[in-house]
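Secondary and tertiary structure notes
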Amino acid sequence: MDDSLTRENTGLMPYLVAASQVVGVAALAVTGAWLSHYRGGFSWDGAEQFNVHPLCMVLGMVFLCGDALLVFRVFRHETKRATKILHGTLHIMALIISLVGIIAVFQFHKKKKIPDMYSLHSWVGIVTFSLYIMQWILGFIMFFLPGVGYALKSRFKPFHVFLGFSLLVSTIATCLLGLTEKMLFSIPEEYSKLPPEGILANSLGLLLVTFGLVIGYILTREEWRRPPLPEEQALSMDFKTLTQGDSPTEP
Ligand code: HEM
């Protein structure tokens, strides 16, 4: 087995993973505090239905999706099956929660007769959410349904990994657009005078960007990738033998 893959070289990774969780939980707490303290809290029927939207999007599409990306780095020595199940479970939760967030804002607009899909935030948001659904369906077919060949899975995987991280980036960008828009709608006169609500919303934006950066750093460190377990290594050697004709015993 490649020595660089087996070497236990996690370095700063545990600290960065812990930092990502502290920043992620802080972002969630600030979102909840902002919407409760300044925007009237949460309800499904009243004017506060809107507030369900940012809370669910930050919890589902930022925090849970971000953590789902970390699973393969954090649980490096668990079986592939166990890590896949955890990755899938976090994504099921993220999908349900973000779907509730999307339904909340569309219902709220309908009730208040606010036009749909006019802002840049809503355009980037709906593209991101649609790609997330596509990623979900393709990922489920490729990695959870039986019968998909190893070759096809291997070809698809880089695309899945690329889209996974790209979606986190565009989700955070969508949140920044949404936060700015919400400040300009809710406190148009005061925002430029840096009121406490504006400072809180701007700080939330910074926390979300920091969360994305820490996760991006962890994911892009080659030496922190999950090393293949001995049985997976043997499987991939068998596959190589079958497809390329070279023998695992050859030097
Ligand atoms: C902090 C997080 C967020 C805030 C503060 C926020 C804020 C807003 C606001 C103010 C609106 C109403 C105005 C408009 O249509 O642009 C809205 C609508 C919308 N948001 Fe967000 N948003 C957030 C996160 C997200 C995310 C992550 C997505 C998707 C990935 C998203 C998707 C949408 C969509 C599709 C609409 C349009 C709804 C309609 O046209 O009826 N939002 N959001």
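Scroll up to find the structure this text is about.
Conventions we followed
- Residues numbered from 1 in each chain as written.
- Predicted model: local features only at pLDDT ≥ 70, side-chain atom pairs only at ≥ 80, totals over all residues.
- Near = placed C-beta within 6 Å.
- Helix = DSSP H or I, 4+ residues; strand = E, 2+ residues; numbered from the N terminus.
- Nonpolar A, V, L, I, M, F, W, Y, C, P; charged D, E, K, R; others polar.
- Axes fitted to C-alpha atoms, helices over the stretch in contact; angles between N-to-C directions.
- Parallel < 35°, antiparallel > 145°, perpendicular 65-115°, else oblique.
- Left-handed = near helix turned anticlockwise from the far one by under 90°.
- Contact = placed C-beta atoms within 7 Å.
- Buried ≥ 20, exposed ≤ 12 C-beta atoms within 10 Å, placed from the backbone.
- Expected span 1.5 Å × (residues − 1).

1. Thoughts on the site of the ligand
Residues in close proximity to the ligand total 24 residues, the closest being D116, S119, S122, G125 and G178. Listing elements by their share of the shell around the ligand, those giving two or more residues are α3 (49–74), α4 (80–111), α5 (120–143) and α6 (150–186). At seven residues, α6 tops the list of elements feeding residues into the shell around the ligand. By residue class, the composition of the shell around the ligand is 11 nonpolar, 10 polar and three charged.

2. Describing the packing of α3 against helix α7 (residues 196–220)
Two elements in contact, α3 and α7, have axes separated by 10 Å at closest approach and are oriented at 15 degrees. Here α3 lies roughly parallel to α7, going by the angle between them. Like other packed secondary-structure pairs, α3 and α7 cross with a definite hand, here left-handed. In this structure, α3 uses V62, G66, L69, L70 and R73 to contact α7, whose residues at the interface are L208, F211, I215, I218 and L219. By residue class, the composition of the contact of α3 with α7 is eight nonpolar, one polar and one charged.

3. Here we look at unusual backbone geometry
In this structure, K113 takes a positive phi of about 55 degrees despite not being glycine. Tracing the backbone shows K113 in the loop between α4 and α5. Overall, the presence of 6 C-beta atoms within 10 Å leaves K113 in the exposed class. Backbone geometry at L194 places phi at a positive 50 degrees, although glycine is not the residue there. Along the polypeptide, L194 turns up in the loop between α6 and α7. According to the C-beta neighbour criterion, L194 is exposed, with 10 such atoms within 10 Å.

4. Some details on α7
If you check α7, its first and last C-alpha atoms are 36 Å apart, about what 25 residues at 1.5 Å a residue would give, namely 36 Å. Buried residues of α7: A201, L204, G205, L207, L208, F211, G212, V214, I215 and I218, and no others. In this fold, the buried residues of α7 make contact with α2 (13–37), α3 and α6.

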